[in-house]
Amino acid sequence: MRRTLPRLLILLVVVALLLAAIGPLLVNPNPAPGTTSAASVAPAESRFLRIPFPGTDGLRVHYLAPHPGQDQATGEHSFLLLHGFTFNAFTWSRLIDFFGGHGRVAAYDQLPYGLSAKLAPGLWRGPDPYSRAAAIEQLFSIMDALGMEQAVLVGNASGGTLALEAALARPERVSALILLSPWVDSMHPILPDWLAGLPQMRRVSLLLARYLGGENPLLDYAYADPGRIDTHRRQLTGIHRQLANWDVAWGALINRWMTEPVAIREHLAEVKQPALVIAGGSDPVLSETDNARTAAAMPDATLAVLPGCGHLPQEECPALVEQAIAPWLEGLGPNKP
């Protein structure tokens, strides 16, 4: 028995290693079916633009803005709205008109979410379009395309991370920040490039993409009260599933995401723009303390806590978000439209 047990343990270890090495390769690599025309499934309020990106023929980006036909309208401010991880521009649907009342506004789908381009691996010849650096470059290209010389960046969750990174990268183009439960710490394990690049890990990324994008479990998790989510909200959150290749594009993003830590917290003191940090009082992802630490670390930041709201206050508590933002905006000077 003493001789058999070590052999059995060795056999179990070998089997476990084989499963880890071979199991992921059993994931079906075929991309999801669907239409290749985002315009054919887009609602009436949708708009599209094309931005340049190295190694591609340009990236088609979906965005929302109020008052069709009034793209060149100007006001005291310009706002660019940035959604969080696995969400899309429709997360801002209930606040588009509010921001529109204070100036120009657009909310866009970051690649490859929503109805924006779904680039599968191998469809670009230059830098990875799903890297953090690429997301910043795409943000400013979208501002250029929309004629926004300067803007207030409004970001939720990882969209708040992107807003902060953009403010540090090109501060002259970011007049202020409105951050709703921003992620300022890595919320996932970070893998070395060599490990993430293994065929097995690419299949794991694809499997994770299909899970996160298939039923959008983070939608229910992010609400303080999931009962507030209506059918229309669920349909808009999952609109990407109508497009071909959405899963392999999400898989490529997640694979890259696994290798890039969020390290913005150590640079918060360098963010000089006025900032409003909005925290959900019942946020299941980030505590009020987390958001308070973020606000305290920036030189010119104000904290607003919304009682009874979760991680997506722009969806769950839009009226409270408006009440927090409106008086804060009064203290800002006009930016360059």
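Residues numbered from 1 in each chain as written. Predicted model: local features only at pLDDT ≥ 70, side-chain atom pairs only at ≥ 80, totals over all residues. Heavy atoms only, no water.

So, the pairing of strand E8 (residues 301-306)
Then comes step 1: As defined by bridge partners, strand E7 (residues 275-280) adjoins E8 across six bridges and the pair is classed as parallel. Paired with Leu276 across the bridge in E8 is Thr302.
Then comes step 2: Crossover E7 to E8 through helix H10 (residues 288-297) is right-handed. (Pairing = 2+ DSSP bridges. Helix = DSSP H or I, 4+ residues; strand = E, 2+ residues; numbered from the N terminus. Right-handed = clockwise from strand over helix to strand, strands pointing away.)

Quick word on the sheet that holds strand E5 (residues 151-156)
Then comes step 1: In space, the eight strands of this open sheet follow the order E1-E2-E4-E3-E5-E6-E7-E8, with mixed pairing throughout. The outermost strands of the open sheet, each flanked by one partner alone, are strand E1 (46-51) and E8. Across the sheet, the mean angle from the axis of one strand to that of its neighbour is 25 degrees, orientation sign disregarded.
Then comes step 2: Of the strands in this sheet, E1, strand E2 (59-64), strand E3 (77-82), strand E4 (103-108), E5 and strand E6 (174-180) touch helix H3 (residues 132-145), which is tilted by about 110 degrees from E1.
Then comes step 3: Packing against the sheet, helix H4 (residues 158-169) makes contact with E3, E4, E5 and E6, and its axis sits at approximately 160 degrees to E6. (Axes fitted to C-alpha atoms, helices over the stretch in contact; angles between N-to-C directions. Contact = heavy atoms within 4.5 Å.)

Description of H10
Then comes step 1: Regarding H10, the residues found buried are Asn291, Thr294 and Ala295. One face of H10 carries all of its buried residues, which in axial projection span an arc of 95 degrees. Facing away from the buried side of H10, by more than 90 degrees, are the exposed residues Thr289 and Ala296.
Then comes step 2: In this fold, the buried residues of H10 make contact with E7 and E8. (Buried < 20%, exposed > 50% of the residue type's maximum accessible area, 1.4 Å probe, protein only. Arc of directions from axis to C-beta.)

Examining the packing of helix H6 (residues 199-214) against helix H9 (residues 246-257)
Then comes step 1: Running from N to C, H6 and H9 cross one another at 115 degrees; their axes reach a closest spacing of 8 Å. Crossing handedness for the pair H6 and H9: right-handed. For the pair H6 and H9, the contacting residues are Met201, Arg202, Ser205, Leu206, Leu208, Ala209, Arg210, Leu212, Gly213 and Gly214 in the first and Trp246, Asp247, Val248, Trp250, Gly251, Ile254 and Asn255 in the second.
Then comes step 2: Its residues assigned to classes, the contact of H6 with H9 comprises nine nonpolar, five polar and three charged. (Left-handed = near helix turned anticlockwise from the far one by under 90°. Nonpolar A, V, L, I, M, F, W, Y, C, P; charged D, E, K, R; others polar.)

Re the confidence of the model for the chain
Then comes step 1: With 88% of its residues at a pLDDT of 70 or more, the chain has an overall mean of 89.
Then comes step 2: The low-confidence segment residues 11-19 (pLDDT under 50) makes two contacts with residues lying over four places distant or belonging to another chain. (pLDDT = per-residue confidence, 0-100.)

Quick look at the side chain of Gln314
Then comes step 1: With respect to the element layout, Gln314 can be found in helix H11 (residues 313-316).
Then comes step 2: Using a relative accessible area of 0% as the deciding quantity, one classes Gln314 as buried.
Then comes step 3: Here the side chain of Gln314 touches Asn156 through a polar contact of 3.1 Å, side chain to side chain.
Then comes step 4: Residues contacting Gln314, with those up to four places away along its chain left out, are Thr91, Trp92, Arg94, Leu95, Asn156, Leu180 and Val321. (Polar contact = N/O pair within 3.5 Å; in protein donor to acceptor, adjacent residues only side chain to side chain.)

Thoughts on the nonpolar core
Note that soluble globular proteins tend to have their nonpolar side chains buried in a common cluster.
Then comes step 1: Leu80, Tyr108, Leu139, Leu153, Leu164 and Leu177 are the most contacted members of the largest nonpolar core, which has 60 residues in total.
Then comes step 2: Other than its neighbours up to four places away in sequence, Leu80 contacts Ala106, Tyr108, Leu139, Ile142, Met143, Leu146, Ala151, Val152, Leu153 and Val154. (Core = buried A, V, L, I, M, F, W, Y, C linked by side-chain atoms within 4.5 Å.)

Here we look at the packing of H3 against H4
Then comes step 1: Running from amino to carboxyl end, H3 crosses H4 at an angle of 75 degrees, the nearest separation of the two axes being 10 Å. By the criterion of interaxial angle, the relationship of H3 to H4 is roughly perpendicular. Listed contacts from H4 to Arg132, Ala135, Ile136, Leu139 and Phe140 of H3 are Thr161, Leu162, Glu165, Ala166 and Ala169.
Then comes step 2: Classifying every residue of the contact of H3 with H4 gives seven nonpolar, one polar and two charged. (Parallel < 35°, antiparallel > 145°, perpendicular 65-115°, else oblique.)

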